[in-house]
Amino acid sequence: HPEKVYEHTNKGNMVAVVSDGTRVLGLGDIGPEAGLPVMEGKGLLFKYLGGVDAFPICLDTKDPDEIIRTVLNLQPSFGGVNLEDLAQPKCFYILEELKKRARIPVWHDDQQGTATVCLAGLINALRIVGKKIQDVKIVLVGAGAANIRIGSLYMAYGARPENLIYVDSKGTLHKGRADLAGHPEKLHMAQITNGAQLKGGIAEALAGADVLSSASTPGPDTIKKEWVARMAKDAIVFATANPVPEIWPWDAKEAGARVVATGRSDFPNQVNNSLGFPGIFRGVLDVRARTITDEMCIAAAEALAGYVVKNGKMSEEYLLPHMDEPGVFVEEAVAVGLKAIEQGVA
């Protein structure tokens, strides 16, 4: 009776934090041993913020199929898997294969976690400036794992594909780009976004844009002040690169941006995955969900954004809850669990 494992063991509260150390934040391909402290830190946040027992598992292989095989073989011991710091484009393939083949929920925090918290921030930023997501022009600087999923979640929430413009190191993504054959996710975005088929770089893309959502090269001059100055009135700027944002928040504000967020805890409006995965996994494990859907991520984002509104704290400097507000993780877990039940995946 394998299903009784949840009754007689701690499997239902255990998550594997799996990495090969090829894309560690701000450090790149440093290997599994050097990645281990990061995975340990992740495990601590899982326990402290979500009450989840998480184990760092750093693998001595870069082969995506071997990583997939290993995760599938680990399933009997864990209630869920958090993929972490995997290089792209293989991270997309690993996640999609595991979502198809695994019996337990598998999530890639650099994709889904980042996207969930960015959507939560955007929901409140749009409330502040009085704009609707279906009406705004959104420029996504960077077309890696994080931003591809961020754009997908923005669209799942109601942003119009034609209003999104991606910019990578070679310029905007459009249907004429002939260099995307090895990047199916970028190729897909080039086909469905950028309705005006705008060509050029960041400067051209940002002209008249309402939202900049950047997950790109650390700055501080990746995004220039004069480019932000050409954005629409009441512009929103998310500069999430670590350890240095693509533009300093004060420079973005001076250039006319009304709401600015970064990935840094020492600036206002930190957009950080730690607000997402502990509460999301708490909810997923509590209802024993088989997968983590986009709708569950949206439910988490709405709970995050709504928590600030309900507490009367929302302002241009306070878009999202802080990590020391434990109530938010409870509300997030409940929202995710209820959505899983509603979708029939619990």
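The rules behind the values
- Residues numbered from 1 in each chain as written.
- Predicted model: local features only at pLDDT ≥ 70, side-chain atom pairs only at ≥ 80, totals over all residues.
- Heavy atoms only, no water.
- Disulfide = S-S within 2.5 Å.
- Buried < 20%, exposed > 50% of the residue type's maximum accessible area, 1.4 Å probe, protein only.
- Helix = DSSP H or I, 4+ residues; strand = E, 2+ residues; numbered from the N terminus.
- Pairing = 2+ DSSP bridges.
- Axes fitted to C-alpha atoms, helices over the stretch in contact; angles between N-to-C directions.
- Parallel < 35°, antiparallel > 145°, perpendicular 65-115°, else oblique.
- Left-handed = near helix turned anticlockwise from the far one by under 90°.
- Contact = heavy atoms within 4.5 Å.
- Nonpolar A, V, L, I, M, F, W, Y, C, P; charged D, E, K, R; others polar.
- Phe/Tyr/Trp six-rings, centres within 6.5 Å; stacked < 30°, edge-to-face > 60°.
- Lys NZ or Arg CZ within 6 Å of the ring centre and 35° of its normal.
- Arc of directions from axis to C-beta.
- Polar contact = N/O pair within 3.5 Å; in protein donor to acceptor, adjacent residues only side chain to side chain.
- Core = buried A, V, L, I, M, F, W, Y, C linked by side-chain atoms within 4.5 Å.

1. Regarding the state of the cysteines
1) Next: Per the counting criterion, the structure on display carries 0 disulfides.
2) Next: With no disulfide of its own, Cys 118 has Cys 297 as its nearest cysteine by sulfur position, at a separation of 12 Å.
3) Next: For Cys 118, a relative accessible area of 2% translates into the label buried.
4) Next: The class for Cys 297 is buried, based on a relative accessible area of 2%.

2. Focus: the pairing of strand S6 (residues 164-168)
1) Next: Counted residue by residue, S6 has 5 buried out of 5 residues, so it is predominantly covered.
2) Next: What you see with S6 is no split at all: Leu 164, Tyr 166 and Asp 168 on one side and Ile 165 and Val 167 on the other are buried throughout.
3) Next: Pairing of strand S5 (residues 138-141) with S6, which is carried by 4 bridges, proceeds in the parallel orientation. When the bridges of S6 are listed, Val 141 appears paired with Val 167.

3. Concerning the packing of helix H11 (residues 277-286) against helix H13 (residues 327-343)
1) Next: Remark: H11 packs on H13, axes separated minimally by 7 Å, with the N-to-C direction vectors making an angle of 45°. Considering the angle they form, H11 stands oblique to H13. Read as a crossing pair, H11 and H13 show a hand that is right-handed. Of the residues in H13, those touching H11 at Pro 278, Gly 279, Ile 280, Arg 282, Gly 283 and Val 284 are Phe 329, Glu 332, Ala 333, Val 336 and Gly 337.
2) Next: Residue classes in the contact of H11 with H13 are distributed as 6 nonpolar, 3 polar and 2 charged.

4. Digging into the sheet that holds strand S2 (residues 53-58)
1) Next: Across the sheet, which stays open at both edges, the 4 strands sit in the order S2-S1-S3-S4 with parallel pairing between neighbours. The open sheet terminates on both sides in strands that have one partner only, identified here as S2 and strand S4 (106-108). Strand-to-strand, the axes of this sheet are offset by a mean angle of 25°, without reference to chain direction.
2) Next: Across 3 bridges, strand S3 (residues 80-83) lies against S4 in parallel orientation.

5. Structural notes on the sheet that holds S5
Across a sheet, paired strands are connected by hydrogen bonds in the backbone, their directions being either parallel or antiparallel.
1) Next: If you trace the 6 strands from one edge of the open sheet to the other, you get S7-S6-S5-S8-S9-S10, paired in mixed fashion. The open sheet has two free edges, formed respectively by strand S7 (171-172) and strand S10 (257-262), since each of these has just one partner strand.
2) Next: Pairing analysis gives 4 bridges linking strand S8 (residues 211-214) to strand S9 (residues 235-239), with the strands arranged parallel. Each bridged residue has a counterpart across the sheet, and for Val 211 the counterpart in S9 is Ile 236.

6. Quick look at the packing of aromatic side chains
1) Next: Taken as a whole, this structure holds 7 aromatic pairs when the rule is applied.
2) Next: Ring geometry for Phe 46 and Phe 277: centres 4.7 Å apart, planes at 55°, overall tilted. One end of the pair, Phe 46, is in helix H2 (residues 32-50); the other, Phe 277, is in helix H11, with 231 residues separating them in the sequence.
3) Next: Under the relative-accessibility criterion, Phe 46 is labelled buried at 0%.
4) Next: Take Phe 277: its relative accessible area is 1%, and that puts it in the buried class.
5) Next: Every member of this aromatic cluster is reached through a ring pair, and the members are Phe 46, Trp 107, Phe 277 and Phe 281.
6) Next: Lying over the aromatic face of Trp 227, Lys 224 brings its terminal NZ or CZ to 6.0 Å of the ring centre.
7) Next: Above the plane of the ring of Tyr 6 lies Arg 288, whose end atom (NZ or CZ) is 4.1 Å from the centre.

7. Let's talk about helix H7 (residues 184-192)
1) Next: Turning to H7, its buried residues are Lys 186, Met 189 and Ala 190. Taken down its axis, H7 places every buried residue within 105° of arc, on the same side.
2) Next: Here the buried face of H7 lies against helix H6 (145-157) and S6.
3) Next: Two residues or fewer past H7, Asn 194 is found with a positive phi of approximately 55°.

8. What about the side chain of Gln 112?
1) Next: By secondary structure assignment, the location of Gln 112 is in helix H5 (residues 109-129).
2) Next: Overall, Gln 112 belongs to the buried group, its relative accessible area being 1%.
3) Next: At 2.7 Å, the side chain of Gln 112 forms a polar contact with the backbone nitrogen of His 108.
4) Next: If near-sequence neighbours (up to four positions away) are discounted, Gln 112 is found in contact with Leu 95, Lys 99, Trp 107, Arg 149, Ile 292 and Cys 297.

9. Some details on the nonpolar core
Taken as a class, soluble globular proteins show a tendency for nonpolar side chains to be buried jointly.
1) Next: Membership of the largest hydrophobic core comes to 89 residues, with the highest contact counts inside it found for Leu 83, Leu 122, Ile 138, Tyr 154 and Ile 236.
2) Next: If near-sequence neighbours (up to four positions away) are discounted, Ile 138 is found in contact with Leu 122, Tyr 154, Ala 159, Asn 163, Leu 164, Ile 165 and Val 211.
3) Next: Residues Ile 165, Ala 205, Ala 209 and Leu 212 belong to the second largest nonpolar core, which totals 22 residues.

10. Describing the environment of Ala 289
1) Next: One can find Ala 289 in the loop between H11 and helix H12 (294-310).
2) Next: Classification of Ala 289 as buried rests on a relative accessible area of 5%.
3) Next: With 209 residues separating them in the primary sequence, Ala 289 and Gly 80 have C-alpha atoms 9.1 Å apart.
4) Next: Setting aside residues no more than four positions away along its own chain, Ala 289 makes contact with Pro 105, Val 284, Met 296, Ala 340, Val 345 and Ala 346.

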